[in-house]
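Chains, contacts and geometry: an overview
Single-letter residue listing:
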Amino acid sequence: MISGSKLPPPRTANELLGADFGSSKNRGYISSFQSKFEEGTFDGPVLVAQGLLDPLNDAKGRAEMFGKLRAGIKVDPINGGHCPHDELPLDVAKSVLMWLESDVLQRSRPTVQT
């Protein structure tokens, strides 16, 4: 974003989670590019570390809404405001580490059959 430029219009969380953030088709790469994800969507695990004391929105309602969008979205309520990663960095780091262990790494480990 260039200084002085206008901000893009706000988008809903649902739009953002299904948005096309520069897929290979839009970048002009080879059209036969193989991806395990459908172009323009992301259905992998998502962590929302929501500051419950955020004065800029209905933080509790927003956290609840995010959790209901689709499977694979984990909401971790943080006892902070609009920028919990700045206010409570250790709490957010702990949230990220626990989410990585429980939701990301567990899914990527191969199962061993005996």
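The rules behind each value
Residues numbered from 1 in each chain as written. Predicted model: local features only at pLDDT ≥ 70, side-chain atom pairs only at ≥ 80, totals over all residues. Heavy atoms only, no water. Helix = DSSP H or I, 4+ residues; strand = E, 2+ residues; numbered from the N terminus. Buried < 20%, exposed > 50% of the residue type's maximum accessible area, 1.4 Å probe, protein only. Contact = heavy atoms within 4.5 Å. Areas by Shrake-Rupley, 256 points an atom, 1.4 Å probe, with all protein chains shown as cover. Salt bridge = Lys/Arg side-chain N within 4 Å of Asp/Glu carboxyl O. Arc of directions from axis to C-beta. Pairing = 2+ DSSP bridges. Right-handed = clockwise from strand over helix to strand, strands pointing away. Lys, Arg positive; Asp, Glu negative; His and termini not counted.

In terms of helices and strands, the protein chain carries 4 helices and 2 strands. Written out in order from the N terminus, the α and β elements of the protein chain read α-β-α-β-α-α. Among the 114 residues that make up the protein chain, the fraction classed as buried is 22%. Across the protein chain, the fraction of contacts at a sequence separation of at least 24, relative to all contacts at a separation of at least 6, is 57%. Only carbon and sulfur atoms are counted for the fraction: they give 58% of the accessible area of the protein chain, which is about 8,800 Å².

Once the charged atoms of two side chains with opposite charge are near each other, the side chains can pair. A full pass over the atoms with the stated rule returns 1 salt bridge. We note a salt bridge from Lys-68 to Glu-64, for which the minimum N-O separation is 3.2 Å. Note that Lys-68 and Glu-64 are positioned in helix H2 (residues 59-69) at a spacing of 4 residues, about one turn of the helix. Both residues of the pair, Lys-68 and Glu-64, count as exposed.

So, about H2. The complete set of buried residues in H2 reads Ala-59, Ala-63 and Phe-66. Looking straight down H2, one finds its buried side chains confined to an arc of 65°; they lie on one side. Facing away from the buried side of H2, by more than 90 degrees, are the exposed residues Lys-60, Glu-64 and Lys-68.

This next bit is on the side chain of Ser-95. Residue placement: Ser-95 occurs in helix H4 (residues 89-108). Those residues in contact with Ser-95, other than ones at most four positions away along the chain, are Leu-47, Ala-49, Asp-76 and Ile-78.

Right, let's talk about the pairing of strand E1 (residues 46-51) for a bit. Buried residues dominate E1, accounting for 5 of its 6 residues. Sheet topology places E1 next to strand E2 (residues 73-78); 6 bridges connect them, and they run parallel. Directly across from Leu-47, in E2, lies its bridge partner Lys-74. A crossover connection joins E1 to the parallel E2 through H2; in handedness this β-α-β unit is right-handed.

What follows covers the side chain of Asp-54. Mapped onto the secondary structure, Asp-54 falls in the loop between E1 and H2. Despite being buried, Asp-54 has no salt bridge partner; Arg-62 is the closest side chain of opposite charge, sitting 5.9 Å away. Not counting residues within four places of it along the chain, the set of residues in contact with Asp-54 comprises Ala-59, Gly-80, Gly-81 and His-82.

Position of Gly-44 relative to the elements: it lies in the loop between helix H1 (13-17) and E1. Note: C-alpha distance between Gly-44 and Val-104 (60 residues apart in sequence) is 8.7 Å. Discounting chain neighbours no more than four positions away, the residues touching Gly-44 are Arg-70 and Gly-72.

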